[in-house]
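Take a look at the letters that make up each chain.
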Amino acid sequence: MIRASVVGASGYSGSELVRLLLGHSGVELASLTASSQSGLRMDESFPGFRSIEERELVEADWAALGDASDVVFLALPHGLSVEAAPTLLEAGAKVVDIGADFRLHDPEVYATWYGAEHAAPDLLPEAVYGLPELNREALACARLTACPGCYPTAAALALLPGLVLRQPGATVIVDAKSGVSGRGRAANLSSHFGEINENVRPYSLGKHRHMPEMEQTLADAGAPESVFFSPHLIPMTRGIVSTCYLQLAEPLGSGEAEELYVSYYDDKPFVRVLTDKLPETKATQGSNFCDVSVVVSPERSLLVGVAALDNLVKGAAGQAIQCMNLMFGLPEEEGLWLPPLYP
(Lines give C-alpha, C1' and ligand atoms only; values in the text may rest on other atoms or scores of the structure.)
Protein backbone atom coordinates (compact mmCIF):
# COMPACT_ATOMS: atom_id res chain seq x y z
CA MET A 1 0.00 0.00 0.00
CA ILE A 2 1.17 3.52 -0.79
CA ARG A 3 1.25 5.70 2.33
CA ALA A 4 -0.17 9.06 1.21
CA SER A 5 -0.44 12.27 3.20
CA VAL A 6 -2.43 15.37 2.29
CA VAL A 7 -1.14 18.79 3.30
CA GLY A 8 -3.86 21.42 3.22
CA ALA A 9 -6.69 18.93 3.79
CA SER A 10 -9.03 21.67 5.02
CA GLY A 11 -9.15 23.36 1.61
CA TYR A 12 -11.34 22.48 -1.35
CA SER A 13 -8.64 20.69 -3.34
CA GLY A 14 -7.32 19.01 -0.20
CA SER A 15 -10.74 17.65 0.72
CA GLU A 16 -11.18 16.34 -2.83
CA LEU A 17 -7.86 14.53 -2.47
CA VAL A 18 -9.07 12.90 0.74
CA ARG A 19 -12.41 11.95 -0.84
CA LEU A 20 -10.78 10.31 -3.85
CA LEU A 21 -7.90 8.68 -1.98
CA LEU A 22 -10.34 7.00 0.41
CA GLY A 23 -11.66 5.09 -2.60
CA HIS A 24 -8.23 4.17 -3.99
CA SER A 25 -7.46 0.49 -3.48
CA GLY A 26 -3.69 1.03 -3.48
CA VAL A 27 -3.51 3.88 -0.96
CA GLU A 28 -3.51 4.18 2.82
CA LEU A 29 -3.97 7.67 4.24
CA ALA A 30 -1.03 8.37 6.54
CA SER A 31 -1.64 11.92 7.71
CA LEU A 32 -3.92 14.89 7.08
CA THR A 33 -2.56 18.32 7.90
CA ALA A 34 -3.94 21.83 8.05
CA SER A 35 -2.75 25.11 9.42
CA SER A 36 -5.67 27.37 10.31
CA GLN A 37 -7.90 24.38 11.16
CA SER A 38 -5.37 22.19 12.93
CA GLY A 39 -6.92 20.51 15.95
CA LEU A 40 -10.26 20.02 14.21
CA ARG A 41 -11.27 16.62 12.92
CA MET A 42 -11.70 16.15 9.18
CA ASP A 43 -15.44 15.68 9.64
CA GLU A 44 -15.64 18.93 11.60
CA SER A 45 -14.02 20.81 8.75
CA PHE A 46 -16.16 18.99 6.14
CA PRO A 47 -19.29 17.39 7.69
CA GLY A 48 -19.67 15.02 4.76
CA PHE A 49 -16.77 12.94 6.12
CA ARG A 50 -18.71 12.05 9.29
CA SER A 51 -18.33 8.32 10.07
CA ILE A 52 -15.97 8.01 7.06
CA GLU A 53 -12.83 10.02 7.93
CA GLU A 54 -12.75 11.53 11.40
CA ARG A 55 -9.07 11.83 12.21
CA GLU A 56 -7.65 15.07 13.57
CA LEU A 57 -6.03 17.60 11.27
CA VAL A 58 -2.52 18.30 12.53
CA GLU A 59 0.19 20.86 11.92
CA ALA A 60 2.73 19.70 9.35
CA ASP A 61 6.17 18.57 10.50
CA TRP A 62 7.95 18.20 7.17
CA ALA A 63 10.68 15.78 8.24
CA ALA A 64 8.29 13.52 10.15
CA LEU A 65 5.73 13.70 7.35
CA GLY A 66 8.30 12.73 4.75
CA ASP A 67 9.49 9.81 6.85
CA ALA A 68 5.93 8.50 7.40
CA SER A 69 4.79 8.88 3.78
CA ASP A 70 5.59 7.41 0.38
CA VAL A 71 3.93 10.39 -1.30
CA VAL A 72 2.86 13.78 0.02
CA PHE A 73 0.26 15.87 -1.77
CA LEU A 74 0.73 19.60 -1.23
CA ALA A 75 -2.54 21.53 -1.58
CA LEU A 76 -1.18 24.89 -0.51
CA PRO A 77 -1.19 28.50 -1.69
CA HIS A 78 1.77 29.52 -3.83
CA GLY A 79 4.95 30.22 -1.90
CA LEU A 80 4.39 27.52 0.72
CA SER A 81 5.07 24.28 -1.18
CA VAL A 82 8.58 25.45 -1.98
CA GLU A 83 9.34 25.51 1.75
CA ALA A 84 8.15 21.94 2.27
CA ALA A 85 9.33 20.07 -0.82
CA PRO A 86 13.11 19.96 -0.16
CA THR A 87 12.69 18.40 3.29
CA LEU A 88 10.05 15.94 2.10
CA LEU A 89 12.21 14.81 -0.81
CA GLU A 90 15.26 14.47 1.41
CA ALA A 91 13.24 12.22 3.73
CA GLY A 92 12.49 9.95 0.80
CA ALA A 93 8.89 10.85 0.00
CA LYS A 94 7.67 11.68 -3.48
CA VAL A 95 5.90 15.02 -3.79
CA VAL A 96 2.86 15.98 -5.85
CA ASP A 97 2.33 19.73 -5.67
CA ILE A 98 -1.07 21.09 -6.63
CA GLY A 99 0.13 24.67 -6.15
CA ALA A 100 2.10 26.90 -8.48
CA ASP A 101 5.58 26.73 -6.98
CA PHE A 102 7.15 24.25 -9.41
CA ARG A 103 5.06 24.72 -12.56
CA LEU A 104 7.24 27.31 -14.29
CA HIS A 105 10.64 26.16 -15.51
CA ASP A 106 12.32 29.57 -15.29
CA PRO A 107 12.77 31.09 -11.79
CA GLU A 108 12.86 34.57 -13.31
CA VAL A 109 9.46 34.06 -14.92
CA TYR A 110 8.17 32.83 -11.55
CA ALA A 111 9.52 35.95 -9.82
CA THR A 112 7.90 38.21 -12.43
CA TRP A 113 4.45 36.69 -12.09
CA TYR A 114 4.39 35.73 -8.41
CA GLY A 115 6.25 38.72 -6.99
CA ALA A 116 8.98 36.83 -5.10
CA GLU A 117 12.24 35.04 -5.80
CA HIS A 118 11.92 31.27 -6.08
CA ALA A 119 13.19 29.69 -2.86
CA ALA A 120 14.32 26.38 -4.38
CA PRO A 121 15.41 27.01 -8.00
CA ASP A 122 17.64 23.92 -7.93
CA LEU A 123 14.51 21.73 -7.86
CA LEU A 124 12.88 23.31 -10.92
CA PRO A 125 14.83 21.28 -13.53
CA GLU A 126 13.60 17.98 -12.06
CA ALA A 127 9.98 18.98 -11.46
CA VAL A 128 7.79 17.20 -14.02
CA TYR A 129 4.77 19.14 -15.24
CA GLY A 130 1.87 16.93 -14.24
CA LEU A 131 -0.23 16.86 -17.38
CA PRO A 132 -0.39 13.12 -18.12
CA GLU A 133 -1.72 13.67 -21.64
CA LEU A 134 1.59 15.39 -22.46
CA ASN A 135 4.14 13.97 -20.01
CA ARG A 136 3.05 10.40 -19.22
CA GLU A 137 6.52 8.86 -19.70
CA ALA A 138 8.33 11.52 -17.66
CA LEU A 139 5.85 11.15 -14.80
CA ALA A 140 6.74 7.46 -14.51
CA CYS A 141 10.23 8.51 -13.37
CA ALA A 142 9.32 11.58 -11.31
CA ARG A 143 9.83 12.17 -7.62
CA LEU A 144 8.55 15.77 -7.80
CA THR A 145 5.45 16.56 -9.84
CA ALA A 146 4.01 20.03 -10.43
CA CYS A 147 0.32 19.67 -11.24
CA PRO A 148 -1.01 22.20 -13.76
CA GLY A 149 -3.46 24.90 -12.84
CA CYS A 150 -7.10 24.24 -13.64
CA TYR A 151 -7.29 26.86 -16.39
CA PRO A 152 -4.06 25.68 -18.10
CA THR A 153 -5.28 22.07 -17.98
CA ALA A 154 -8.48 22.93 -19.84
CA ALA A 155 -6.67 25.16 -22.33
CA ALA A 156 -3.98 22.58 -23.06
CA LEU A 157 -6.43 19.75 -23.61
CA ALA A 158 -8.54 21.93 -25.90
CA LEU A 159 -5.51 22.89 -27.99
CA LEU A 160 -2.86 20.14 -27.98
CA PRO A 161 -4.02 18.11 -31.01
CA GLY A 162 -4.48 21.22 -33.14
CA LEU A 163 -1.06 22.75 -32.52
CA VAL A 164 0.49 21.01 -35.52
CA LEU A 165 -1.93 22.98 -37.74
CA ARG A 166 -1.30 26.42 -36.25
CA GLN A 167 -0.18 29.53 -38.09
CA PRO A 168 3.21 30.24 -36.45
CA GLY A 169 3.37 33.63 -34.79
CA ALA A 170 -0.40 34.05 -34.44
CA THR A 171 -1.54 34.70 -30.87
CA VAL A 172 -3.61 31.93 -29.30
CA ILE A 173 -6.70 33.21 -27.49
CA VAL A 174 -8.04 31.35 -24.47
CA ASP A 175 -11.45 32.48 -23.21
CA ALA A 176 -12.48 30.61 -20.04
CA LYS A 177 -15.21 30.62 -17.41
CA SER A 178 -14.77 29.17 -13.94
CA GLY A 179 -16.90 28.43 -10.92
CA VAL A 180 -16.10 30.14 -7.63
CA SER A 181 -14.46 27.13 -5.94
CA GLY A 182 -11.38 27.97 -8.01
CA ARG A 183 -10.90 30.96 -5.69
CA GLY A 184 -10.38 28.64 -2.72
CA ARG A 185 -12.22 28.23 0.56
CA ALA A 186 -11.10 31.38 2.34
CA ALA A 187 -13.84 34.00 2.46
CA ASN A 188 -13.35 37.06 0.28
CA LEU A 189 -15.55 39.68 -1.30
CA SER A 190 -15.12 38.44 -4.87
CA SER A 191 -16.64 35.03 -4.05
CA HIS A 192 -19.33 36.28 -1.65
CA PHE A 193 -22.80 35.04 -2.69
CA GLY A 194 -24.22 38.54 -3.08
CA GLU A 195 -21.31 39.56 -5.32
CA ILE A 196 -21.19 36.55 -7.64
CA ASN A 197 -24.84 35.48 -7.85
CA GLU A 198 -26.61 36.62 -11.04
CA ASN A 199 -23.30 38.00 -12.25
CA VAL A 200 -20.52 37.11 -14.70
CA ARG A 201 -17.26 38.97 -14.26
CA PRO A 202 -14.12 39.02 -16.42
CA TYR A 203 -10.90 39.60 -14.48
CA SER A 204 -7.13 39.82 -14.97
CA LEU A 205 -7.44 40.03 -18.76
CA GLY A 206 -4.00 39.33 -20.18
CA LYS A 207 -2.51 39.53 -16.68
CA HIS A 208 -3.49 36.23 -15.08
CA ARG A 209 -0.70 34.12 -13.55
CA HIS A 210 -1.81 31.10 -15.55
CA MET A 211 -0.95 32.82 -18.84
CA PRO A 212 2.82 32.14 -18.77
CA GLU A 213 2.04 28.56 -17.75
CA MET A 214 -0.14 28.18 -20.85
CA GLU A 215 2.62 29.61 -23.05
CA GLN A 216 5.16 27.27 -21.48
CA THR A 217 2.92 24.25 -22.10
CA LEU A 218 2.51 25.17 -25.77
CA ALA A 219 6.28 25.58 -26.06
CA ASP A 220 6.87 22.19 -24.40
CA ALA A 221 4.47 20.69 -26.94
CA GLY A 222 6.51 22.20 -29.77
CA ALA A 223 4.42 25.33 -30.37
CA PRO A 224 6.13 28.35 -28.80
CA GLU A 225 3.33 30.86 -29.31
CA SER A 226 1.98 33.79 -27.31
CA VAL A 227 -1.31 33.39 -25.46
CA PHE A 228 -3.91 35.97 -24.54
CA PHE A 229 -5.93 34.66 -21.62
CA SER A 230 -9.39 35.98 -20.79
CA PRO A 231 -10.77 34.43 -17.56
CA HIS A 232 -14.28 34.97 -16.19
CA LEU A 233 -15.89 34.13 -12.87
CA ILE A 234 -19.41 32.71 -13.14
CA PRO A 235 -22.08 31.94 -10.51
CA MET A 236 -21.61 28.21 -10.02
CA THR A 237 -19.54 26.18 -7.57
CA ARG A 238 -17.55 23.81 -9.81
CA GLY A 239 -16.44 23.64 -13.39
CA ILE A 240 -14.46 25.30 -16.13
CA VAL A 241 -15.33 25.66 -19.78
CA SER A 242 -12.52 26.94 -21.98
CA THR A 243 -12.98 28.08 -25.59
CA CYS A 244 -9.64 28.42 -27.38
CA TYR A 245 -8.95 30.02 -30.76
CA LEU A 246 -6.09 28.92 -33.00
CA GLN A 247 -5.27 30.42 -36.40
CA LEU A 248 -4.71 27.73 -39.04
CA ALA A 249 -1.78 27.70 -41.44
CA GLU A 250 -3.73 25.83 -44.13
CA PRO A 251 -7.40 25.10 -44.90
CA LEU A 252 -8.94 22.31 -42.86
CA GLY A 253 -12.37 20.69 -42.66
CA SER A 254 -14.24 20.03 -39.41
CA GLY A 255 -14.24 16.29 -40.13
CA GLU A 256 -10.47 16.26 -40.49
CA ALA A 257 -10.06 18.18 -37.24
CA GLU A 258 -12.32 15.76 -35.38
CA GLU A 259 -10.33 12.79 -36.72
CA LEU A 260 -7.14 14.46 -35.52
CA TYR A 261 -8.53 14.98 -32.01
CA VAL A 262 -9.98 11.46 -31.77
CA SER A 263 -6.66 9.96 -32.83
CA TYR A 264 -4.60 12.14 -30.47
CA TYR A 265 -6.66 11.21 -27.42
CA ASP A 266 -7.27 7.57 -28.34
CA ASP A 267 -4.93 6.25 -25.59
CA LYS A 268 -5.66 8.98 -23.04
CA PRO A 269 -8.44 7.63 -20.84
CA PHE A 270 -9.66 10.81 -19.18
CA VAL A 271 -10.21 12.93 -22.29
CA ARG A 272 -13.51 12.29 -24.05
CA VAL A 273 -13.69 13.75 -27.55
CA LEU A 274 -17.27 14.72 -28.38
CA THR A 275 -18.23 14.74 -32.05
CA ASP A 276 -22.01 15.05 -31.66
CA LYS A 277 -22.25 17.96 -29.21
CA LEU A 278 -20.21 20.60 -27.40
CA PRO A 279 -18.76 20.16 -23.89
CA GLU A 280 -20.63 21.33 -20.82
CA THR A 281 -19.43 21.53 -17.23
CA LYS A 282 -22.33 19.53 -15.77
CA ALA A 283 -21.27 16.45 -17.72
CA THR A 284 -17.88 16.33 -15.95
CA GLN A 285 -18.83 17.41 -12.41
CA GLY A 286 -17.16 15.39 -9.68
CA SER A 287 -15.15 13.33 -12.17
CA ASN A 288 -11.64 13.27 -13.60
CA PHE A 289 -12.92 13.50 -17.17
CA CYS A 290 -12.32 16.39 -19.52
CA ASP A 291 -14.73 16.66 -22.45
CA VAL A 292 -13.28 18.18 -25.62
CA SER A 293 -14.71 19.24 -28.98
CA VAL A 294 -13.24 20.97 -32.01
CA VAL A 295 -14.93 23.28 -34.52
CA VAL A 296 -13.38 24.75 -37.67
CA SER A 297 -14.36 27.97 -39.42
CA PRO A 298 -12.82 27.44 -42.89
CA GLU A 299 -13.59 30.93 -44.17
CA ARG A 300 -11.67 32.41 -41.23
CA SER A 301 -8.91 29.75 -41.14
CA LEU A 302 -9.80 29.31 -37.48
CA LEU A 303 -9.76 26.23 -35.26
CA VAL A 304 -11.80 26.45 -32.05
CA GLY A 305 -11.10 23.90 -29.33
CA VAL A 306 -13.52 23.65 -26.42
CA ALA A 307 -12.88 21.84 -23.13
CA ALA A 308 -14.97 21.34 -19.99
CA LEU A 309 -13.78 19.87 -16.71
CA ASP A 310 -14.26 19.96 -12.95
CA ASN A 311 -11.68 22.42 -11.64
CA LEU A 312 -11.35 20.54 -8.32
CA VAL A 313 -10.89 17.09 -9.90
CA LYS A 314 -9.24 17.00 -13.34
CA GLY A 315 -8.16 20.57 -12.60
CA ALA A 316 -6.59 19.65 -9.24
CA ALA A 317 -7.05 16.60 -6.98
CA GLY A 318 -7.99 13.99 -9.58
CA GLN A 319 -5.15 14.95 -11.88
CA ALA A 320 -2.77 14.81 -8.90
CA ILE A 321 -3.85 11.22 -8.19
CA GLN A 322 -3.57 10.38 -11.88
CA CYS A 323 0.04 11.61 -11.68
CA MET A 324 0.66 9.62 -8.50
CA ASN A 325 -0.58 6.46 -10.22
CA LEU A 326 1.95 6.96 -13.01
CA MET A 327 4.74 7.81 -10.54
CA PHE A 328 4.19 4.50 -8.71
CA GLY A 329 3.60 2.33 -11.76
CA LEU A 330 -0.11 1.85 -11.13
CA PRO A 331 -2.84 1.85 -13.78
CA GLU A 332 -3.52 5.45 -14.69
CA GLU A 333 -7.25 5.12 -13.97
CA GLU A 334 -6.87 3.54 -10.51
CA GLY A 335 -9.21 5.19 -8.01
CA LEU A 336 -10.49 7.64 -10.61
CA TRP A 337 -12.75 5.66 -12.93
CA LEU A 338 -15.90 7.29 -11.57
CA PRO A 339 -18.86 8.70 -13.49
CA PRO A 340 -19.68 12.39 -13.11
CA LEU A 341 -22.32 13.55 -10.63
CA TYR A 342 -25.60 14.39 -12.33
CA PRO A 343 -27.71 16.39 -11.93
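These lines cover the structure that appears in this document, whether it is placed above or below. These figures come from a predicted structure and were not determined experimentally.

## A few points about the packing of aromatic side chains
Counted under the stated rule, the structure contains 7 aromatic pairs. On the basis of an interplanar angle of 65° and a centroid distance of 5.3 Å, the ring pair of F289 and W337 is categorised as edge-to-face. Note that F289 is positioned in the loop between β11 (271-273) and β12 (290-297) and W337 in the segment after α11 (313-327), a separation of 48 residues in sequence. For W337, a relative accessible area of 52% puts it in the exposed group. Taken together, the ring pairs connect F270, F289 and W337 into an aromatic cluster. The residue whose ring lies beneath K268 is Y264, and the NZ or CZ to ring-centre distance is 4.7 Å.

## Structural notes on the pattern of salt bridges
For the structure shown, the criterion picks out 18 salt bridges. R103 is the salt-bridge partner of E213, the closest N and O atoms lying 3.6 Å from each other. Of this pair, E213 sits in helix α9 (residues 210-220) while R103 sits in the loop between β4 (94-97) and α5 (107-114), and the two are 110 residues apart along the sequence. Across the pair, exposure class does not vary: E213 and R103 are buried alike.

## Notes on the sheet that holds β12
In space, the 7 strands of this open sheet follow the order β8-β9-β7-β10-β13-β12-β11, with mixed pairing throughout. Only two strands of the sheet have a single partner each, and these edge strands are β8 (201-202) and β11. Sitting on the sheet, α9 is in contact with β7 (172-178) and β9 (227-233), with an inclination near 135° to β9.

## A few points about the pairing of β12
Counting buried positions over the 8 residues of β12 gives 7, a clear majority of the element. With 3 bridges connecting them, β11 and β12 associate as parallel partners. Its bridge partner being in β12, V271 is matched across the sheet by C290. When β12 meets strand β13 (residues 302-309), the two strands line up antiparallel, connected through 8 bridges. Within the sheet, the bridge partner assigned to S293 lies in β13 and is V306. Hairpin remark: β12 followed by β13, antiparallel, with 4 residues in the connecting loop; positive phi at S301, about 50°.

Criteria and thresholds
Positions within a chain are numbered from 1, following the residues in the order the chain's sequence is written. pLDDT decides what is reported in this predicted model: residues at 70 or higher carry local features, side-chain atom pairs at 80 or more are listed and counted, and totals for whole chains, interfaces and linings draw on all residues regardless. In computing side-chain values, all of the structure's heavy atoms are included and hydrogens and water are not. Side-chain rings of Phe, Tyr and Trp (the six-membered ring for Trp) are treated as a pair once their centres are within 6.5 Å; stacked means planes under 30 degrees apart, edge-to-face means over 60, and tilted covers the remaining angles. We count a stretch as a helix when DSSP gives it H or I for four or more residues in a row; a strand needs E for two or more, and each element gets its number in order from the N terminus. To sort residues, take the accessible area from a 1.4 Å probe on protein chains only and compare it with the maximum for the residue type: under 20% means buried, over 50% means exposed, and anything in between is partly exposed. Geometrically, a charge over a ring is one whose NZ (Lys) or CZ (Arg) sits within 6 Å of the ring centre while staying within 35 degrees of the ring normal. Here a salt bridge means any side-chain nitrogen of Lys or Arg lying within 4 Å of a carboxyl oxygen belonging to Asp or Glu. One requirement defines pairing of two strands: DSSP has to find at least two bridges between them. By definition in these notes, contact holds between two residues if any of their heavy atoms fall within 4.5 Å. To get an axis, a line is fitted to the C-alpha atoms, and for a helix only the part in contact is used. The angle between two axes follows their N-to-C directions and goes from 0 to 180 degrees.

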